[in-house]
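# Coordinates in review
As a plain string of letters, each chain reads:
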Amino acid sequence: MSIKTQGPVKIDLAASPARRGHEDPLLVRWGLTLAAFGIVGVFIIIPLVHVFTEAFVGGVERYYNALFNDRDTFAAIKLTLIVAPGAVIANTVFGIAAAWTIARFRFPGRTLLVTLIDLPFSVSPVAAGLMFVLIFGAKGYLSWLPDNDFDVINNWPGLILATAFVTFPFVARELIPVMEAIGSDEELAALSLGASARQMFARITLPNIKWGLLYGVILCNARAMGEFGAVYVVSGRYRGKTLTIPLRVETLFQENQIPESFALASLLTFLALITLVVKAGLERKVQAVTASTPPPEGKEKA
Amino acid sequence: MAKYLFLSLATVAALATLTLTGCGKKSGNEILNVSYDPTRELYKEINEKFAAKYEKEKGVKLEINVSHGASGSQARSVIDGLKADIVTLALPSDTDSIRLKGNDLLAEGWEKRLPNDSLPYHSTIVFVVRKGNPKNIKDWDDLVKGDVKIITPNPKTSGNGKLSFLAAWGYVITNGKSEDEAKAFVKDLYERVPVLDTGARGSTVSFAKNEIGDVHLSWENEAYYQVKEFEGKQEVVYPSTSIMAEPKVAWVDKVVEKKGTKEIAEAYLRYLYTDEGQEIIAKNFYRPYNEAILKKAEWAKPIKLFKITAIAQGWDDASKKFFAEGGVFDQIYQKPAGK
């Protein structure tokens with residue numbers, strides 16, 4: 001982009017903090033590092049370890065039974081494995097469409113669209129849930145749906161909708177910068193060489209954005225599995241039918257079945273840890289794509 | 001890579017749709033009991049025993065599901081379309097709100113369909129204090145002395161919350177004092193509540209597990225449940241007087257007609273009145289309507305219970321007067337400073 005104008009400024013900025021960093025007294029550097037690690041330890045590591053120790057307080061057998069021999073818990077695991085992918089698929093389709101529109105075209109209302117995509121981040125999940133109750137509830141605007149035995153609220157479609165709303169921005173947010181960085185040159189070249197729109201998408205666009213897309217999907221999925229507030233409102237707390245893993249964890253906790261509750265929480269935590277590892281790997285790939293692709297293009301253009 | 005990603009996503013979607021449409025088919029042997037928060041243990045036992053009995057007698061295997069939450073929120077969910085065959089809520093006014101606000105969900109005169117005005121058990125509000133009663137709390141007046149902190153759920157959402165408020169109010173009124181004095185008393189009382197949980201079980205967690213507060217205004221059954229679950233840490237205190245709580249039960253006409261579960265739903269509710277049902281009820285610390293079985297329950301200490309008619313025309317009237325938008329509770333309650 002505007003590398004020339006930023007050039008000299010950039011050097012000053014880059015050099016001075018680095019130099020100052022080295023000049024800081026040893027005590028300050030070590031103190032800050034220790035403080036950072038200490039805070040992470042207290043607020044993240046200890047609770048994390050605690051989840052697993054509490055989960056295994058009753059022994060491995062109880063842990064296993066808590067997860068697989070409890071009808072309602074098992075139903076919650078199955079439900080989450082349906083709701084989270086459901087929301088992720090919806091957001092992936094939308095995310096690609098939105099990123100494509102925003103990165104490739106200039107049209108009136110474009111900024112508004114970008115802002116609206118972020119809206120679910122700032123709306124409280126509880127409000128989001130209530131919104132769906134007002135729309136699809138038996139007294140809502142679309143009450144003919146439940147009247148004709150197609151329940152949205154207190155049923156899985158409502159759970160997917162609420163989860164999809166809350167996780168709406170993840171894929172789009174991830175893809176917009178990637179698509180903008182890559183630019184449309186390769187796609188235009190493909191089209192000019194006679195590729196169909198579908199060929200262009202499958203062979204050029206998708207391979208280019210795949211890491212960013214996967215990264216967005218992973219983040220979206222992590223958030224979707226853990227969603228509580230919005231799902232709580234639309235669930236109707238119907239045991240074995242509409243309780244996802246987080247809701248079931250709360251139920252078990254309230255029933256003073258602490259090891260069982262933590263066992264299920266540990267499953268959620270475990271999935272989060274896997275997500276973290278995958279995410280760390282993908283982050284590098286995404287950075288490689290966004291960092292490496294634009295400079296040659298920029299040079300050619302200039 | 002991306003191709004595989006989409007393939008796998010598509011497969012998951014297809015599988016999900018298949019499983020869900022499979023699940024969606026409802027047989028007529030499945031019922032849902034939408035209840036209030038602390039009845040979890042009670043209905044767990046009732047469901048098991050009733051299902052076994054029904055299968056033995058009729059040869060039909062039942063699937064009985066439950067939903068628990070704050071009574072007011074549960075009523076709201078049913079009004080908003082949660083397909084409850086049965087509602088067993090904390091207050092008759094919550095059940096009646098389903099009749100009033102739901103589209104033909106519940107028939108008029110539902111209270112007259114089952115014995116004892118559809119009340120298979122009653123209960124009340126008692127105090128739970130820390131072991132040894134360090135703040136020496138014996139009656140309602142002791143709640144507003146010194147630095148006593150009180151735990152009780154939110155009257156806007158919870159049945160326990162409403163009943164705690166009504167019990168405190170009724171204590172003042174039944175002692176021959178004026179409504180203004182009652183107002184001053186409950187105002188003082190609610191200023192001492194650091195957390196208003198949405199439901200009864202939430203309050204139990206706050207008091208027993210998170211150890212907040214000196215006294216918990218709780219359902220009698222929930223009080224004994226806590227003392228049992230968190231053994232040796234708490235004890236139950238009976239105040240001089242409290243409210244007669246009437247958690248009436250009903251089947252939801254529109255739902256049972258549509259699902260064809262009327263017969264099962266009615267049998268289920270009538271089971272609550274059988275000796276077997278009443279024994280389970282007493283075992284779970286609810287006061288059974290059967291006098292003989294109630295007498296056998298040693299835990300049920302004698303306490304003077306006043307009826308809702310002592311402080312209002314009835315449950316619906318009380319609900320409107322005290323808890324509606326701008327009602328007495330709204331007038332006296334301000335969020336604790338700094339919260």
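Predicted model, so just to flag it, every value in this text is computed and none were measured.

Basis of the calculations
- Residues numbered from 1 in each chain as written.
- Chains lettered and ligands numbered in written order.
- Predicted model: local features only at pLDDT ≥ 70, side-chain atom pairs only at ≥ 80, totals over all residues.
- Heavy atoms only, no water.
- Helix = DSSP H or I, 4+ residues; strand = E, 2+ residues; numbered from the N terminus.
- Buried < 20%, exposed > 50% of the residue type's maximum accessible area, 1.4 Å probe, protein only.
- Contact = heavy atoms within 4.5 Å.
- Areas by Shrake-Rupley, 256 points an atom, 1.4 Å probe, with all protein chains shown as cover.
- Pairing = 2+ DSSP bridges.
- Axes fitted to C-alpha atoms, helices over the stretch in contact; angles between N-to-C directions.
- Domains from an automatic or database assignment.
- Buried area = accessible area lost by both parts, 1.4 Å probe.
- Salt bridge = Lys/Arg side-chain N within 4 Å of Asp/Glu carboxyl O.
- Polar contact = N/O pair within 3.5 Å; in protein donor to acceptor, adjacent residues only side chain to side chain.
- Nonpolar A, V, L, I, M, F, W, Y, C, P; charged D, E, K, R; others polar.
- Parallel < 35°, antiparallel > 145°, perpendicular 65-115°, else oblique.
- Left-handed = near helix turned anticlockwise from the far one by under 90°.
- pLDDT = per-residue confidence, 0-100.
- Patch = residues over 30% accessible without salt bridge, like charges linked within 9 Å, V, L, I, M, F, W, Y side chains within 5 Å.

The number of helices and strands found in chain B is 15 helices and 12 strands. Each principal axis of the C-alpha atoms in chain B carries an extent, and together these give about 65 × 60 × 40 Å. Evaluated residue by residue, chain B yields a buried proportion of 59% over its 339 residues. Of all intrachain contacts in chain B linking residues separated by at least 6 positions in sequence, the fraction that spans at least 24 positions is 74%.

Let us look at the overall build of chain A. For chain A, the count of helices and strands is 15 helices and zero strands. For chain A, with 302 residues in total, the buried portion stands at 42%. The long-range fraction of contacts in chain A, counting pairs at least 24 apart against all pairs at least 6 apart in sequence, stands at 72%. Accessible area for chain A stands at about 16,400 Å²; split by element, carbon and sulfur atoms hold 69% of it.

Let us look at the sheet that holds strand β3 (residues 86-88) of chain B. All names here are of chain B. One open sheet holds the four strands; their spatial order is β2-β1-β3-β10, and the pairing between them is mixed. This sheet does not close on itself; its edge strands, each paired only once, are β2 (63-69) and β10 (249-251). Strand-to-strand twist of the sheet, defined as the mean angle between neighbouring strand axes without regard to direction, takes the value 20°. The strands that helix α2 (residues 40-58) touches are β1 (30-36), β2, β3 and β10; relative to β2, the one it contacts most, it runs at about 170°.

Attention now goes to the domain arrangement of chain A. Residue and element names in this part refer to chain A. Annotation of chain A at the domain level lists domain 1 (14-55) and domain 2 (59-294). Spacing between the C-alpha centres of domain 1 and domain 2 amounts to 31 Å. Every contact between the two is made by six residues of domain 1 and, on the other side, 10 residues of domain 2. Roughly 650 Å² is buried in total at the junction of domain 1 and domain 2, and carbon and sulfur atoms are behind 80% of that figure. The interface formed by domain 1 and domain 2 holds zero salt bridges in total. Where domain 1 touches domain 2, the interface holds zero residue pairs in polar contact (both at pLDDT 80 or more). Looking at the side of domain 1 that touches domain 2 residue by residue, the classes come out as four nonpolar, one polar and one charged.

Each partner contributes to the interface: chain A provides 31 residues, whereas chain B provides 41 residues. Where chain A abuts chain B, roughly 3,300 Å² becomes buried across the two surfaces, and 57% of that area is made up of carbon and sulfur atoms. On the chain A side of the contact with chain B, R237(A), Y238(A) and Q254(A) bury the most area, a combined 19% of that side's loss. Seen at the junction of chain A and chain B, the total is five salt bridges. As a salt-bridge pair, R40(B) and E255(A) come within 2.8 Å of each other at their nearest N and O atoms. Run the count over chain A and chain B and you get 17 residue pairs in polar contact (both at pLDDT 80 or more). Of all the elements in the fold, those that place two or more residues in the side of chain A that touches chain B are α4 (71-104), α7 (144-147), α11 (197-226) and α13 (245-254) of chain A. Counting residues per element, the side of chain A that touches chain B draws most heavily on α4(A), which supplies six residues.

All names here are of chain A. Where α4 contacts helix α5 (residues 110-122), the two axes come as close as 11 Å, and the packing angle between them is 150°. Relative to α5, α4 is oriented roughly antiparallel. Along this stretch, α4 crosses α5, giving a crossing that reads as left-handed. Seen from α4, the contacting residues are F94, A98 and I102; seen from α5, they are R110, L113, V114 and I117. Looking at the contact of α4 with α5 residue by residue, the class counts come to six nonpolar, no polar and one charged.

When the parts come together, some accessible area is lost, and that loss is often what is quoted as the size of the interface. All names here are of chain B. Here chain B is described as being made up of domain 1 (29-122 + 246-296) and domain 2 (125-243 + 307-332). Computed over C-alpha atoms only, the centres of domain 1 and domain 2 are separated by 25 Å. The interface is formed by 21 residues belonging to domain 1 together with 22 residues belonging to domain 2. Of the roughly 1,700 Å² buried between domain 1 and domain 2, counting both surfaces, carbon and sulfur atoms make up 58%.

Moving on to the confidence of the model for chain B. Residues and elements named next belong to chain B. On average, chain B scores 91 in pLDDT, and the residues at 70 or more come to 91%. Overall, residues 20-25 carries pLDDT values under 50, and its contacts beyond four positions in sequence, including any with other chains, amount to two contacts. Interface predicted TM-score (ipTM) for the complex: 0.81; the corresponding pTM is 0.84.

Here we take up helix α12 (residues 275-283) of chain B. Residues and elements named next belong to chain B. Of all the residues in α12, the buried ones are G277, Q278, I280, I281 and A282. Among the structural elements, α2, β4 (121-122), α11 (262-271), β11 (287-288) and α13 (291-296) are those in contact with the buried residues of α12. F285 occupies a position one or two residues after α12 and carries a positive phi of about 70°.

Attention now goes to the confidence of the model for chain A. Residue and element names in this part refer to chain A. Of the residues in chain A, 89% have a pLDDT of 70 or more, and the chain-wide mean is 87. No element of chain A has a lower mean pLDDT than helix α15 (residues 294-301), which averages 44, and none a higher one than helix α8 (residues 156-166), which averages 95. This stretch, residues 1-15, has a pLDDT under 50; its non-local contacts, to residues over four places away or in other chains, come to one contact. Confidence over residues 295-302 falls short of pLDDT 50; this stretch has five contacts with residues more than four positions distant or in other chains.

Let us now look at a nonpolar patch on the surface. Side chains of I39(A), V40(A), V42(A), F43(A), I44(A), I45(A), I46(A) and V49(A) sit close together on the surface and give an oily, nonpolar patch of about 760 Å² of accessible area. Relative to the helices and strands, F43(A) is located in helix α2 (residues 26-55).

Before going further, it helps to spend a moment on the pairing of strand β5 (residues 125-130) of chain B. Residue and element names in this part refer to chain B. Counted residue by residue, β5 has six buried out of six residues, so it is predominantly covered. As paired elements, β5 and strand β7 (residues 215-219) share five bridges and run antiparallel to each other. Bridge pairing links F127 to L217 in β7.

On to the pattern of salt bridges, then. Per the counting criterion, the structure on display carries 41 salt bridges over all chains. Across the pair R40(B) and D37(B) runs a salt bridge, and its minimum N-O distance is 2.7 Å. The burial state of R40(B) is the same as that of D37(B); both residues are buried. D147(B) is paired through a salt bridge with K135(B); the nearest N and O atoms lie 3.2 Å apart. Residue D147(B) is found in the loop between β5 and β6 (150-151), and its partner K135(B) is found in the loop between β5 and β6; the two are separated by 12 residues along the sequence. Under the relative-accessibility criterion, D147(B) is labelled exposed at 54%. Residue K135(B) is classed as partly exposed on the basis of its relative accessible area of 34%. Salt bridges sharing common partners tie together R71(A), D72(A), K241(A), E30(B) and E63(B).

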